[in-house]
Amino acid sequence: MPPLPQPDGRPTNPVLTGLHPDPSICRAGDDYYLACSSFEYFPGVPLFHSRDLVHWTQIGNALDRPEQLPLSAAWSSGGIYDPTLRHHDGRFWLIVTNCGEGGGNLIVTATDPAGPWSDPIPAPDLPGIDPDLVWDEDGTCWCTVAGGRQVRIDPSTGRTYGTPRTLWAGGPDAKAPEAPHLYRIGAYWYLLIAEGGTERGHGVSIARGHSPAGPFEPCPANPVLSHRGTDHPVQNTGHADLVQGPDGSWWMVLLGVRPGGGTPGWHVLGRETFLAPVTWVDGWPVVGEVALDLPELPWPLSPGPVEERRDDFELAGLRPSWISLRDRPAEHCTTKERPGWLTLRARGGSLDEPDVVFTGRRRQHLSCRARTLVDAAEGGGGLAVRLDERHHYAIEVSGTEVRVIARVGSLRTVVAEQAVPAGPVVLAVTVTDPPAPHGPCTGPDVVSLGVERSDGTFTALATLDGRYLSTEVAGGFTGRVIGMYAAAGTVHFDWFDYEPLDS
Ligand code: 6LW
């Protein structure tokens, strides 16, 4: 769901709000395509299309078949890391790392980015993470991974040739040189990397050389982008990819976070995708501001995507924006068993378990309301705001009992309970700014969980501090996902409604 437009209708950053980290972009003709990491969620690697770099519509997921995406052993913030999406010789190529067991680096390819994508082409001899693909003038394909190590690869087979050589591992003082992308631009080959770590010290640096094998000369102005040490509202900026528009202009997509609350600040939506303009001076890129209010674009804006607020589960399958935890077997998650309802059938226990049946959507607004109509006559389940197995808030109904459960680290508490009449019940979660006054210890938001009566009034059973569902507290690489789950038996959901409340 796109960010809310400015009052004057001009577009805003992030261009992909919510959990859309590690963006990789390519252009085919006048069409841009973008891919993001997806970690422990299935399907994996969401794919987006745009004609103006600002409005993005999800067209599918590159790894949307179980055989493409073994995640059963993936820990939270494990699984799918950092794709690179490229268009070469009329075909789309995507290389990505599955950090889960039985994963490793893999390549998929397609003629239509909306899919279907091929079965994974494993690259078993390719070391490391954050793989990048680029082709040189004679069609040789080079793969560069985190740490600036490069090896020749045949993307159609995954076979690598020779031993990896280190091209350039970033600045002497920065940790974690990762997210490499190699480009041929004009007379130079450019190696773009992220360094400093994906936290507040994150930054983007670049080096250039006359050959894809180097040697590479670092840009004197490195990092060409970083918000480290600033009070910019967008922090952790890094992990970038470059793209040239049909008009010759250059742009950068990158990840960033929007911390809320006092100090040290907590981000809850995950790492989001931002857009920044790029100009070239003396053969080096100069990155414009990663502004929340985007500058005027040198082309007309296309209509934004249809906002996905309500899902009545009338379709035979789920929209591509729905994500399930690690897998989505039909016997546990289906809209076919009870037409017009999503049926979730439990297999494990609570949200504390890695195999809980959970299907949700990326939370994409700093303030929002999510509601769902639940029939739990045959089991127990409900609505949850999830960071991971150890950090989530949930409102759960089982028969005629509703309770709010809070899991923070090793603490798990039933915060509130209430009897409700038999029959389907509307569960609701509202996320809003914390009440005034705000001070240095104020959290980023508050999460209210409750039930909605038949007259539409919302009764909060509990209002909880949102900082404990932030990445700074939970750790890892993801952000909040808000969705439905089954903890016992079979639970049916008639509809799911998501409403942004951002002003
Ligand atoms: C990814 C690395 C990074 O491998 O975070 O921000 C890691 N950059 O490139 C997981 O997203």
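Residues numbered from 1 in each chain as written. Predicted model: local features only at pLDDT ≥ 70, side-chain atom pairs only at ≥ 80, totals over all residues. Heavy atoms only, no water.

With respect to the helices and strands, R386 occurs in strand 29 (residues 379–388). Classification of R386 by relative accessible area gives buried; the value is 0%. Of the polar contacts made by the side chain of R386, one reaches the side chain of E40; its length is 3.2 Å. A polar side-chain atom of R386 sits 2.7 Å from a polar atom in the side chain of Y41. Ignoring sequence-local partners within four residues, the contact set of R386 consists of E40, Y41, S76, L325, R326, F358, H391, H392, G479, R480 and V481. (Helix = DSSP H or I, 4+ residues; strand = E, 2+ residues; numbered from the N terminus. Buried < 20%, exposed > 50% of the residue type's maximum accessible area, 1.4 Å probe, protein only. Polar contact = N/O pair within 3.5 Å; in protein donor to acceptor, adjacent residues only side chain to side chain. Contact = heavy atoms within 4.5 Å.)

Mapped onto the secondary structure, H88 falls in strand 6 (residues 80–88). The spacing of H88 and G139 is 51 residues in sequence and 9.6 Å in space, taken between C-alpha atoms. Setting aside residues no more than four positions away along its own chain, H88 makes contact with W93 and W135.

Glancing now at the site of the ligand. The environment of the ligand is formed by 13 residues, the closest being D22, D130, T198, H239 and R271. In the environment of the ligand, an oxygen atom lies 2.5 Å from a nitrogen or oxygen atom belonging to the side chain of D22. Within the contact set of the ligand, an oxygen atom lies 3.0 Å away from a side-chain nitrogen or oxygen of H239. Burial of the ligand by the surrounding chains reaches 99%, relative to a free accessible area of 300 Å². Residues that form the shell around the ligand fall into these classes: six nonpolar, three polar and four charged. (Near = heavy atom within 4 Å. Areas by Shrake-Rupley, 256 points an atom, 1.4 Å probe, with all protein chains shown as cover. Nonpolar A, V, L, I, M, F, W, Y, C, P; charged D, E, K, R; others polar.)

Our next topic: the sheet that holds strand 19 (residues 235–244). The four strands lie next to each other as 19-20-21-22, forming an open sheet whose pairing is antiparallel. The open sheet is flanked by strand 19 and strand 22 (284–287), the only strands paired with a single partner. Sheet twist, expressed as the mean angle between neighbouring strand axes with direction ignored, is 35°. Here four bridges tie strand 21 (residues 272–281) to strand 22, and the two strands are oriented antiparallel to one another. Bridge pairing links V281 to W284 in strand 22. (Pairing = 2+ DSSP bridges. Axes fitted to C-alpha atoms, helices over the stretch in contact; angles between N-to-C directions.)

Taken domain by domain, the protein comprises domain 1 (24–287) and domain 2 (310–500). Domain 1 and domain 2 are separated by 32 Å when their C-alpha centres are compared. Of the residues lining the interface, 31 residues belong to domain 1; the matching set on domain 2 comes to 38 residues. Regarding the contact of domain 1 and domain 2, the summed buried area is about 2,700 Å², with carbon and sulfur atoms giving 57% of it. When residues of domain 1 are sorted by the area they lose upon contact with domain 2, Y41, W266 and V268 head the list and together hold 28% of the total. One salt bridge in this structure joins R200 and E472, with 3.2 Å as the shortest N-O distance. Run the count over domain 1 and domain 2 and you get 17 residue pairs in polar contact (both at pLDDT 80 or more). (Domains from an automatic or database assignment. Buried area = accessible area lost by both parts, 1.4 Å probe. Salt bridge = Lys/Arg side-chain N within 4 Å of Asp/Glu carboxyl O.)

This part covers the packing of aromatic side chains. Under the defined criterion, the tally for this structure stands at 12 aromatic pairs. Each ring, one from F39 and one from F477, has its centre 5.9 Å from the other, and the planes form 20°; the classification is stacked. Note that F39 is positioned in the loop between strand 2 (31–35) and strand 3 (41–42) and F477 in the loop between helix 1 (471–474) and strand 36 (481–500), a separation of 438 residues in sequence. Classification of F477 as partly exposed rests on a relative accessible area of 26%. Measuring from ring centre to ring centre gives 5.1 Å for W322 and F496, while their planes differ by 80°; the resulting arrangement is edge-to-face. Remark: F496 occurs in strand 36 and W322 occurs in the loop between strand 23 (310–311) and strand 24 (323–325); sequence separation between them is 174 residues. F496 shares its class with W322; the two are buried. Cluster of aromatic residues (ring-pair linked, three or more members): Y188, Y190, W250, W280 and W284. Above the face of the W266 ring, R467 is positioned so that its terminal group lies 4.8 Å from the ring centre. (Phe/Tyr/Trp six-rings, centres within 6.5 Å; stacked < 30°, edge-to-face > 60°. Lys NZ or Arg CZ within 6 Å of the ring centre and 35° of its normal.)

Turning our attention to the side chain of R86. When you line up the elements, R86 lands in strand 6. A distance of 3.4 Å separates a polar atom in the side chain of R86 from a polar atom in the side chain of H181. Reaching out from R86, the side chain makes a polar contact with the side chain of D241 at a distance of 2.9 Å.

Moving on, we come to the sheet that holds strand 11 (residues 141–145). The antiparallel open sheet is built from four strands, whose spatial order is 10-11-12-13. Because the sheet does not close on itself, it has two edges, and the strands there are strand 10 (132–135) and strand 13 (159–166). If you compare each strand with its neighbour and ignore which way they point, the axes differ by 25° on average.

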